[in-house]
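Listed below are the residues making up each chain.
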Amino acid sequence: MKLFSVLMGAAVAFVLTVPQIVCAADAAKPAFVIPHGTSDINKAIAGNYTLDPNHISVQARVSHLGFSISVFRFGTVEGKLSWDPANPAKDTLSTTVKTGSIETNVPNFATELSGAQYLDAAKYPDATFVSTAFHQTDATHGTVDGTFTLRGVTKPVTFEVTLVGAGPGFAGSPEMGHVIGVHAETKINPQDYAMSSFFVEPIALVIDTEFDRKAANNK
């Protein structure tokens, strides 16, 4: 009987102690913080950033015979950004868009646009942009000069860039250290790139994306 009482006491003590140990362990963990970007570009530390495929929109806004603007989207994009907020003139950017990843609301039209008459994705699977110069105009705006290649033709273009937000990503996550989010726009002359005569008005390229720099322990 005495042994039973001892065992019961030990069991009760264990049950009462375990929640305290768990609570102490939880208290030792850093509180989860939902990140939020700011308009301070210096919050994004220097380093090599990769375009986030989960947060990318590349749109081509094309005149539909002068009646409206048709919006086409490209689903597969890759990019690298070398970034130093203290010296933007030294920054570099390179991106690649898979032309065959074009999307449209019109049934079966994406296949036609990928064909030889338009983007000719089989022959020219990539459209690329490579920066040649960064120019900061104020705290949240600037331009990026570079060369744009489409259908095997390379021409100079300039993107107008707006900082949307910058700063640390999800706190404590090894997957995301710092983030730069931007909105960028430019226009191209489709005839410069030997496009179909169907396209006569300038085409606006509109990009919204994030670039991520992985945490130090997971570069």
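Further up the page is the structure itself.
Residues numbered from 1 in each chain as written. Predicted model: local features only at pLDDT ≥ 70, side-chain atom pairs only at ≥ 80, totals over all residues. Heavy atoms only, no water.

Enquirer: Would you mind showing me how to read the side chain of Thr95 here?
Expert: For Thr95, the location among the structural elements is in strand S4 (residues 92–98). Once residues within four sequence positions are removed from consideration, Thr95 is found in contact with Glu78, Gly79, Ala127, Thr128 and Phe129. (Helix = DSSP H or I, 4+ residues; strand = E, 2+ residues; numbered from the N terminus. Contact = heavy atoms within 4.5 Å.)

Enquirer: Would you explain the environment of Thr186 in this entry?
Expert: Locating Thr186 in the fold gives a position in strand S9 (residues 178–188). Residues contacting Thr186, with those up to four places away along its chain left out, are Val157, Thr158, Phe159, Ile203, Ala204 and Leu205. Separated by 2.7 Å, the side chain of Thr186 and the backbone oxygen of Thr158 make a polar contact. (Polar contact = N/O pair within 3.5 Å; in protein donor to acceptor, adjacent residues only side chain to side chain.)

Enquirer: Whenever I open this one, the packing of aromatic side chains confuses me. Can you help?
Expert: Where two aromatic rings form a pair, the distance of their centres and the angle of their planes describe that pair. Within the structure shown, the criterion is met by 6 aromatic pairs. Seen from their ring centres, Phe129 and Phe159 are 5.0 Å apart, and the 85° between their planes marks the pair as edge-to-face. Here the residue Phe129 occupies a position in strand S6 (residues 126–138), and Phe159 occupies one in strand S8 (residues 153–168), the gap between them amounting to 30 residues. Neither Phe129 nor Phe159 differs from the other in exposure class; each is buried. Residues Phe198 and Phe199 carry aromatic rings whose centres are separated by 5.3 Å and whose planes lie at 90° to one another, so their mutual orientation is edge-to-face. Here Phe199 falls in the buried class, since its relative accessible area comes to 6%. Taken together, the ring pairs connect Phe72, Phe109, Tyr118, Phe198 and Phe199 into an aromatic cluster. (Phe/Tyr/Trp six-rings, centres within 6.5 Å; stacked < 30°, edge-to-face > 60°. Buried < 20%, exposed > 50% of the residue type's maximum accessible area, 1.4 Å probe, protein only.)

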